[in-house]
Amino acid sequence: MRAARIPTARKALVLAAVATLGAGLLAGCADDGGDEAGSSSGGGSGKTKITLGLFGAFGFEEAGLYKEYEKLHPDIDIQQTVVERNENYYPALVNHLTTNSGLQDIQGVEVGNIAEVVQTQADKLVDLSEYGKESDFLDWKWKQATTEDGRTVGLGTDVGPMAVCYRKDMFEKAGLPTDREEVGKLWAGSWDKFVEVGRDYQKNAPEGTTFLDSPVVCSTPSSAVRRSASTTPPARSSTRRTPP
């Protein structure tokens, strides 16, 4: 298939840009080997145009990365199209992949959607393991976009670290450690451990307090982390007094 009809000779240039600019997940769309002019042609300017389809704020343009890359590579012209919300962007991306039309040279994929893309659309995307080095990425981040047969169809752009605050006085009254390193060890490596610490807290909790502000505090990040193929919970816990 084509990603904005990238001529084969220009594919390496497109993927080099992915590797250099890469800071969510970016997938380079595959080429069918044709030489039909498309968005990656220079349009008579003598430059190779690379198009990106993104959602939200990836920050590449805002940080001046496109201009920096173009300065280093005067024969490259980078242009991006941005859809504000992923719920509008992703259905269109799936449609473009399914119909083999309308794709940009490089497409962003939200981390919550990458598993589906890997499982159902990997054959439509370039294997980026030839261009990106696994050692440059967190192990679990690299694996997010890697198929069972070892094809890596996207490169991670960022990670979202999480931190949790806790009340030392409340932990002490509940008989739990208060040192931040010791508290982190209570649930290191497992959300199940985090839940167990909450149960331990509630057994001796000061009257009128709860381990978490609300279930969402735990369920939202833990669900996101599981989708991201990471099982490491945040570093600290959070408690507050329950309002009257």
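Residues numbered from 1 in each chain as written. Predicted model: local features only at pLDDT ≥ 70, side-chain atom pairs only at ≥ 80, totals over all residues. Heavy atoms only, no water.

**Examining the overall build of the protein**
- When helices and strands are tallied, the protein shows 9 helices and 7 strands.
- Out of the 244 residues in the protein, the part that is buried amounts to 42%.
- Accessible area for the protein stands at about 12,900 Å²; split by element, carbon and sulfur atoms hold 50% of it. (Helix = DSSP H or I, 4+ residues; strand = E, 2+ residues; numbered from the N terminus. Buried < 20%, exposed > 50% of the residue type's maximum accessible area, 1.4 Å probe, protein only. Areas by Shrake-Rupley, 256 points an atom, 1.4 Å probe, with all protein chains shown as cover.)

**Re the pattern of salt bridges**
- Scanning the entire structure with this criterion turns up 6 salt bridges.
- We note a salt bridge from Glu 87 to Arg 85, for which the minimum N-O separation is 2.7 Å.
- Here Glu 87 falls in the partly exposed class, since its relative accessible area comes to 47%.
- What makes Arg 85 partly exposed here is its relative accessible area of 45%.
- When the shortest N-O distance is used, the salt bridge between Asp 200 and Lys 203 registers 3.6 Å. Here Asp 200 and its partner Lys 203 are both found in helix α8 (residues 191-203), 3 residues apart, which amounts to about one turn of the helix.
- You can call Asp 200 partly exposed: its relative accessible area is 32%. (Salt bridge = Lys/Arg side-chain N within 4 Å of Asp/Glu carboxyl O.)

**A short note on the confidence of the model for the protein**
- Mean pLDDT over the protein stands at 76; residues scoring 70 or higher make up 69%.
- Note on residues 32-39: pLDDT under 50 across the span, and 18 contacts to partners over four residues away in sequence or across chains.
- This stretch, residues 224-244, has a pLDDT under 50; its non-local contacts, to residues over four places away or in other chains, come to 72 contacts. (pLDDT = per-residue confidence, 0-100. Contact = heavy atoms within 4.5 Å.)

**Things to note about the nonpolar core**
- Counting 24 residues, the largest nonpolar core has Leu 52 and Leu 93 as the members making the most contacts within it.
- Judged by nonpolar contacts, the second largest core, of 13 residues, contains Met 170, Phe 171, Ala 174 and Val 183. (Core = buried A, V, L, I, M, F, W, Y, C linked by side-chain atoms within 4.5 Å.)

**Considerations on the packing of aromatic side chains**
- The full count for this structure, using the stated rule, is 12 aromatic pairs.
- For the ring pair Phe 171 and Tyr 201, a centre distance of 6.0 Å and an interplane angle of 40° mean the geometry is tilted. Residue Phe 171 is located in helix α6 (residues 168-173), and its partner Tyr 201 is located in helix α8; the two are separated by 30 residues in the primary sequence. Each of the two residues, Phe 171 as well as Tyr 201, counts as buried.
- With 5.9 Å between their ring centres and 45° between their planes, Tyr 201 and Phe 211 make a pair best called tilted. Taken together, the residues Tyr 201 in helix α8 and Phe 211 in the loop between β6 (209-210) and α9 (215-227) connect sequence positions 10 residues apart. In this structure, Tyr 201 and Phe 211 share a single accessibility class: buried.
- Three or more aromatic residues joined by ring pairs make a cluster, and in this case those are Tyr 166, Phe 171, Trp 187, Trp 191, Phe 194, Tyr 201 and Phe 211. (Phe/Tyr/Trp six-rings, centres within 6.5 Å; stacked < 30°, edge-to-face > 60°.)

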